[in-house]
Amino acid sequence: TAKVNKNDDCPEIWQDHISTTGATYSIDFGIGNIKYLGKKLATPTLKLFTKFFQEKIDPSADTFFIDPAEHNPRAKHVYEQAGFKMVGGFEMDIGVFKGEQT
């Protein structure tokens with residue numbers, strides 16, 4: 001996770017959706033060990049993580065960003081099942097995923 005602030009250098013779509021009532025965090029979420037893929041663990045894990053984060057780490061956290069790659073429908077499905085809403089996409093302009101559509 002990383003806290004996202006209004007004055008941060010981040011995608012415009014993030015700036016448009018930063019919380020005005022609490023704190024916003026971005027989440028990088030993935031299953032590292034491939035033997036756990038397809039076991040229906042991702043959705044409940046992500047739900048429990050955000051609940052834990054709000055209860056134990058930052059009670060003001062009311063907005064979470066997660067940005068799956070455009071070509072990853074399984075991740076998009078998991079995130080929607082966990083309660084995330086698609087608000088749009090953007091192209092990564094820095095880092096390992098530079099040039100990727102999210």
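For the structure, see preceding data.
Quick caveat: nothing in here was measured; it's all calculated off a predicted structure.

Caption draft 1: Quick look at the overall build of the protein. When you go through the protein residue by residue, the secondary structure sums to three helices and three strands. Put simply, the protein runs from its N terminus to its C terminus through helices and strands in the order β-α-β-α-β-α. The 102 residues of the protein split such that 32% are buried. Within the protein, counting contacts between residues at least 6 apart in sequence, those at least 24 apart form 55% of the total. Counting only carbon and sulfur atoms, one obtains 53% of the accessible surface of the protein, whose full area is about 7200 Å².

Caption draft 2: Highlighting the pairing of strand E2 (residues 23-26). On E2, burial covers both faces: Ala-23 and Tyr-25 on one face and Thr-24 and Ser-26 on the other are all buried. Relative to E2, strand E1 (residues 2-4) is paired through three bridges, and the arrangement is antiparallel. Residue Lys-3 lies in a different strand from E2, and its bridge partner there is Tyr-25. In this fold, the crossover linking E2 to strand E3 (residues 61-65) by way of helix H2 (residues 42-57) has right-handed handedness.

Caption draft 3: Here's a closer look at the packing of H2 against helix H3 (residues 73-81). Here H2 crosses H3 at 50°, and the two axes come no closer than 8 Å. For the element pair H2 / H3, the angle class is oblique. In this structure, the crossing between H2 and H3 has a hand that is right-handed. Of the residues in H3, those in contact with Ala-42, Thr-43, Leu-46 and Lys-47 of H2 are Val-78, Tyr-79 and Gln-81. Here the contact of H2 with H3 is built from residues that sort into four nonpolar, two polar and one charged.

Caption draft 4: Local environment of the nonpolar core. In terms of nonpolar packing, the biggest core is built from 14 residues, with Tyr-25, Ile-27, Leu-46, Phe-64, Ile-66, Tyr-79 and Phe-84 touching the most fellow members. Those residues within four positions of Leu-46 in sequence are excluded, and the remaining contacts are Ile-27, Phe-29, Ile-66, Tyr-79, Ala-82 and Phe-84. Ranked by size, the runner-up nonpolar core spans six residues in total, among them Val-4, Cys-10, Ile-13 and Phe-65.

Caption draft 5: The arrangement of a nonpolar patch on the surface in detail. A surface patch of nonpolar side chains, about 470 Å² in accessible area, is lined by Ile-31, Ile-34, Tyr-36, Leu-37 and Leu-41. The residue Ile-34 is located in the loop between E2 and H2 in this model.

Caption draft 6: Here's a closer look at the pairing of E3. Among the five residues that make up E3, four are buried, leaving the element largely enclosed by the rest of the structure. Bridging between E2 and E3 involves four bridges; their strand directions are parallel. In the sheet register, Tyr-25 faces E3, and the bridge partner there is Phe-64.

Caption draft 7: Spatial organisation of unusual backbone geometry. A positive phi angle is found at Lys-40, which is not glycine, with a value near 60°. Checked against the element boundaries, Lys-40 lands in the loop between E2 and H2. By relative accessible area, Lys-40 is classed as exposed at 75%.

Criteria and cut-off values
- Residues numbered from 1 in each chain as written.
- Predicted model: local features only at pLDDT ≥ 70, side-chain atom pairs only at ≥ 80, totals over all residues.
- Heavy atoms only, no water.
- Helix = DSSP H or I, 4+ residues; strand = E, 2+ residues; numbered from the N terminus.
- Buried < 20%, exposed > 50% of the residue type's maximum accessible area, 1.4 Å probe, protein only.
- Contact = heavy atoms within 4.5 Å.
- Areas by Shrake-Rupley, 256 points an atom, 1.4 Å probe, with all protein chains shown as cover.
- Pairing = 2+ DSSP bridges.
- Right-handed = clockwise from strand over helix to strand, strands pointing away.
- Axes fitted to C-alpha atoms, helices over the stretch in contact; angles between N-to-C directions.
- Parallel < 35°, antiparallel > 145°, perpendicular 65-115°, else oblique.
- Left-handed = near helix turned anticlockwise from the far one by under 90°.
- Nonpolar A, V, L, I, M, F, W, Y, C, P; charged D, E, K, R; others polar.
- Core = buried A, V, L, I, M, F, W, Y, C linked by side-chain atoms within 4.5 Å.
- Patch = residues over 30% accessible without salt bridge, like charges linked within 9 Å, V, L, I, M, F, W, Y side chains within 5 Å.
- Salt bridge = Lys/Arg side-chain N within 4 Å of Asp/Glu carboxyl O.

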